[in-house]
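# Geometric and topological summary
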Amino acid sequence: MEKQEIFDRMHHLRQMLLDTLENIPEDELVSEKVEGDWTIKEILCHLTAWELTVVNPLIAYVQVNDFLPEMIEDHDAWNAEQTARRKEMTIRQVLHELETTRELLVSEASLLTNEQWERILPAPWGGQGCIANLLNGLAWHENEHLQTIHTWRQSHLHSQNPPTR
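These remarks concern the structure in this document. Source: prediction; values computed, not measured.

## Quick notes on helix α1 (residues 3-21)
Spanning 19 residues, α1 covers 27 Å between terminal C-alpha atoms, matching the ideal 27 Å at 1.5 Å per step. Among the residues of α1, Lys-3, Ile-6, Phe-7, Met-10, Leu-13, Arg-14, Leu-17, Thr-20 and Leu-21 are the ones counted as buried. Buried residues along α1 cover an arc of 155 degrees about the axis, so they all sit on one side. Exposed side chains of α1 directed beyond 90 degrees from the buried face belong to Gln-4 and His-11.

## So, helix α3 (residues 40-64)
Spacing of three or four residues puts side chains on the same side of an α-helix, whose turn is 3.6 residues. The terminal C-alpha atoms of α3 lie 37 Å apart, and with 25 residues this matches the ideal 36 Å at 1.5 Å per residue to within 8%. At Leu-52, α3 shows its largest kink, close to 30 degrees. Count one or two residues on from α3 and you reach Asn-65, which has phi positive near 60 degrees.

## Considerations on the side chain of Lys-41
Checked against the element boundaries, Lys-41 lands in helix α3. Although Lys-41 is buried, it forms no salt bridge, and the closest oppositely charged side chain is Glu-88 at an N-O distance of 7.0 Å. Of note is the side chain of Lys-41, whose polar atom sits 2.8 Å from the backbone oxygen of Lys-87. Setting aside residues no more than four positions away along its own chain, Lys-41 makes contact with Leu-29, Val-30, Arg-86, Lys-87, Glu-88, Met-89, Ile-91 and Val-94.

## Points about the environment of Arg-102
Here Arg-102 shows up in helix α5 (residues 91-110). The exposure class of Arg-102 is buried, given its relative accessible area of 6%. With 55 residues separating them along the chain, Arg-102 and Leu-47 place their C-alpha atoms 9.9 Å apart. When neighbours within four sequence positions are excluded, Arg-102 is seen to be in contact with Met-10, His-11, Arg-14, Glu-51 and Glu-142. Here Glu-51 takes part through its side chain, which lies 2.4 Å from a polar atom of the side chain of Arg-102.

## Considerations on the pattern of salt bridges
Enumeration over the complete set of coordinates arrives at 7 salt bridges. Ionic pairing is found between Arg-14 and Glu-51, a salt bridge with its closest N-O pair at 3.3 Å. In this pair, Arg-14 is assigned in helix α1 and Glu-51 in helix α3, connecting sequence segments 37 residues apart. Judged by relative accessible area, which is 3%, Arg-14 ranks as buried.

Basis of the calculations
- Each chain has its residues counted from 1, running along the sequence as written.
- The model is predicted, so local features are restricted to residues of pLDDT at least 70 and side-chain atom pairs to those at 80 or more, both for listing and for counting; the totals for chains, interfaces and linings are taken over all residues.
- Water and hydrogen atoms were dropped before computing side-chain values, which therefore reflect all heavy atoms in the structure.
- Think of it this way: any DSSP run of H or I at least four residues long counts as a helix, any run of E at least two long counts as a strand, and we number them from the N terminus.
- Residue count minus one, scaled by 1.5 Å, sets the expected span of a helix.
- Per-residue accessibility, obtained with a 1.4 Å probe over protein chains only, is compared with the maximum for each type, and a residue is labelled buried under 20%, exposed over 50%, and partly exposed between these values.
- It is the directions from the helix axis to the C-beta atoms whose arc is reported.
- One axis is fitted to the seven residues ending at the residue and one to the seven starting there. The bend at that residue is the angle between these axes.
- Only four residue types enter the charge count, namely Lys and Arg as positive and Asp and Glu as negative; His and the chain termini do not.
- For salt bridges, the criterion is a side-chain nitrogen of Lys or Arg within 4 Å of an Asp or Glu carboxyl oxygen.
- Definition of a polar contact: a pair of N or O atoms within 3.5 Å, with one able to donate and the other able to accept a hydrogen when the atoms are protein atoms, and with sequence-neighbouring residues admitted only if both atoms are side-chain atoms.
- Should any heavy atoms of two residues lie within 4.5 Å, those residues are considered in contact.

Right, here's the structure in full:
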């Protein structure tokens, strides 16, 4: 898959996520359980943390052609640790980290040569693939959580405004 095609997909999904968050009161973003025990804020922290697992080794890959991600064996424990590390952040800080991480991810990936883009690399979450595969994995992951948030929002809005008869 071409770089720009992937970047466009990632941009589109991120815009859909941000649009879905529009007009949700801040107190609901940080308190309403949307997916299991996770709030929207925690989901956003989770998305950022996983993107950082690719961003950090990607920076080295661009500079010295060495991609060495942290290999995450226990996803549940790692997810809990990452959201706990961001617990004290405000929603504005979380959204800022989400955006700056994505900008850095795309910026660094856009610097890759064709050879680097196509080389098979280890994925932090297990398995392997080229950078396109890793970025598509992150996009798939974001879409998965976007759908959950969207479904919650639709049911939440419906329960607040039941149809009149």
